[in-house]
Amino acid sequence: MSVGVDIPEGKRLNKYGDLENIEMTVEDWKTRWEKKHIGFHKKEIHELLQEHLNIILKGRKEIRIFVPLCGKSVDMKWLAEQGHTVVGVEVSKTAIKEFFAEQNLSYTQESVPGIPGAEVFKSSDGWISLFNCNMFDFSSAIAGRFDGIWDRGSLVAINPSDRKHYAKLMTTLMAKGCHYLLDTFTYDENKHVGPPFPTPKREIEDLYGESCNIHLIQSLDALTDRQRLWGLDSFIEHIYLITLKTDTDSCALTEAAFIL
């Protein structure tokens, strides 16, 4: 923390030296995008998505995949190129416009009935639709339910106080047979204040366990120099598969399904 900086109550200095709310707001995230403070953005297709896409697909082709808090993730174009319809939600219009520009995709832009002030940006080929709105204003009434979900950098970015609301929303967006792939982290929260916020398995179970089956697919050491600069000496990434308990076929999942 910088010496001599007067920090108002409820605020903090983030890792970029800017004042933010202790509980991140929509405006805080918009500011990060406008200032290019987006160290969370991956310029490459996420290797764990590539490794575990088969778990989302479960042998299906041309499914609808939801990407919450999508930013300008290159994963979305890659998924569309596999023949899947991709729907994302992102509060930053800057991020959405940068996505289409950087991926050389033409698009249309229109208002969203049911969400005042919201817009949806649709690729001209129809494979990708990105909704520019608050995540908590989105619902299945707006865009239906989804066959698959890729949650990377979304749950971990949500304020811990909003996680129950978020998890409830996500389960309402899951169609029958939906396979929800969730990417989370654990680290010593006494050494660093998120986002990304640590999400131990017990909390995943508290958030989703009542209505969903939860399977830990993989845990791996994800510590890099970036996290060391935060003061961390351990940073573990976890991939979970979440399925609805009401899906009778989900009970038939076996260990073999994860290694096919």
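Up top is the structure these notes are about.
These figures come from a predicted structure and were not determined experimentally.

**Q** Just checking my understanding: could you explain the packing of aromatic side chains for this structure?
**A** Two aromatic rings, taken as a pair, are described by how far apart their centres are and by the angle between their planes. Tallied over the entire structure, the rule returns 12 aromatic pairs. Plain terms: the ring middles of tryptophan 29 and phenylalanine 40 are 5.8 Å apart, the flat faces sit at 80° to each other, and that makes the pair edge-to-face. Here tryptophan 29, found in helix α1 (residues 26–34), pairs with phenylalanine 40, found in the loop between α1 and α2 (47–57); they are 11 residues apart in sequence, far enough to count as distant. Its relative accessible area of 17% is what places tryptophan 29 among the buried residues. Here tryptophan 230 and phenylalanine 235 contribute two aromatic rings whose centre-to-centre distance is 6.1 Å and whose plane-to-plane angle is 85°, an arrangement assigned as edge-to-face. Owing to a relative accessible area of 11%, tryptophan 230 belongs among the buried residues under this scheme.

**Q** Is there a simple way to think about the environment of threonine 85 in this case?
**A** Residue placement: threonine 85 occurs in strand β4 (residues 85–90). Through-space distance from the C-alpha of threonine 85 to that of tryptophan 127 is 4.8 Å; in sequence the pair is 42 residues apart. Every residue in contact with threonine 85, bar those within four places of it in the chain, is listed here: Ile63, Arg64, Ile65 and Trp127.

**Q** Just to check I follow, could you spell out the pattern of salt bridges for this structure?
**A** Side chains carrying opposite charge are able to pair once their charged atoms draw close together. Applying the stated criterion across every chain, the model contains 10 salt bridges. For lysine 122, the salt bridge is made with glutamate 110, and the minimal N-O distance between the two is 3.6 Å. Here the residue lysine 122 occupies a position in strand β6 (residues 119–123), and glutamate 110 occupies one in strand β5 (residues 107–111), the gap between them amounting to 12 residues. Classification of lysine 122 as partly exposed rests on a relative accessible area of 31%. As a salt-bridge pair, arginine 163 and glutamate 203 come within 2.9 Å of each other at their nearest N and O atoms. Here glutamate 203 lies in helix α7 (residues 201–208) and arginine 163 lies in helix α6 (residues 163–172), a separation of 40 residues in the sequence. Three or more residues joined by partner-sharing salt bridges are found here, namely Lys36, Lys72, Glu98 and Glu102.

**Q** It is not clear to me how the sheet that holds β4 should be interpreted in this structure. Could you clarify?
**A** Adjacent strands of a sheet form backbone hydrogen bonds with each other and so pair up, either parallel or antiparallel. Strand order across the open sheet formed by 9 strands is β5-β6-β7-β4-β3-β8-β9-β11-β10, with mixed pairing between neighbours. Edge positions in the sheet fall to β5 and β10 (212–221), since each of these pairs with one other strand and no more. Strand-to-strand twist in this sheet, taken as the mean axis angle between neighbours without regard to direction, amounts to 20°. The sheet contacts of α2 involve β8 (146–152), β9 (174–186), β10 and β11 (236–244), and relative to β10 the element is tilted by about 160°.

**Q** I keep staring at unusual backbone geometry and nothing clicks. Help me out?
**A** The phi torsion of most residues other than glycine is negative, and most of the peptide bonds are trans. Glycine 194 connects to proline 195 through a cis peptide bond whose omega is 10°. Within the secondary structure, proline 195 sits in the loop between β9 and α7. Cis geometry marks the peptide bond from proline 195 to proline 196; its omega dihedral reads -5°. Along the polypeptide, proline 196 turns up in the loop between β9 and α7. Its identity as a non-glycine residue notwithstanding, lysine 58 has a phi of 50°, on the positive side. One can find lysine 58 in the loop between α2 and β3 (64–67).

**Q** Can you walk me through α1 in this structure?
**A** All of the buried residues along α1 are Asp28, Trp29, Arg32 and Trp33. Buried residues in α1, looked at end-on, bunch into an arc of 140°, giving them a common side. Once α1 finishes, lysine 36 follows within two positions and takes phi at roughly 65°, a positive value.

**Q** Is there a simple way to think about the nonpolar core in this case?
**A** Most often, soluble globular proteins have nonpolar side chains that are buried together. The biggest cluster of nonpolar side chains holds 33 residues, and the ones touching the most others in it are Phe66, Phe131, Phe138, Met170, Tyr180 and Tyr208. Put simply, the parts of the chain that give this core at least two residues each are β4, β8, α6, β9, α7, β10 and β11. In contact with phenylalanine 138, not counting residues within four places along its chain, are Phe66, Val87, Val89, Ile115, Phe131, Cys133, Ala143, Phe146, Leu169 and Leu173. Leu57, Val67, Val86 and Leu181 belong to the second-largest nonpolar core, a separate cluster that totals 27 residues.

Cut-offs and rules
- Residues numbered from 1 in each chain as written.
- Predicted model: local features only at pLDDT ≥ 70, side-chain atom pairs only at ≥ 80, totals over all residues.
- Heavy atoms only, no water.
- Phe/Tyr/Trp six-rings, centres within 6.5 Å; stacked < 30°, edge-to-face > 60°.
- Helix = DSSP H or I, 4+ residues; strand = E, 2+ residues; numbered from the N terminus.
- Buried < 20%, exposed > 50% of the residue type's maximum accessible area, 1.4 Å probe, protein only.
- Contact = heavy atoms within 4.5 Å.
- Salt bridge = Lys/Arg side-chain N within 4 Å of Asp/Glu carboxyl O.
- Pairing = 2+ DSSP bridges.
- Axes fitted to C-alpha atoms, helices over the stretch in contact; angles between N-to-C directions.
- Arc of directions from axis to C-beta.
- Core = buried A, V, L, I, M, F, W, Y, C linked by side-chain atoms within 4.5 Å.

Interpretation in functional terms is not warranted from these geometric data alone.
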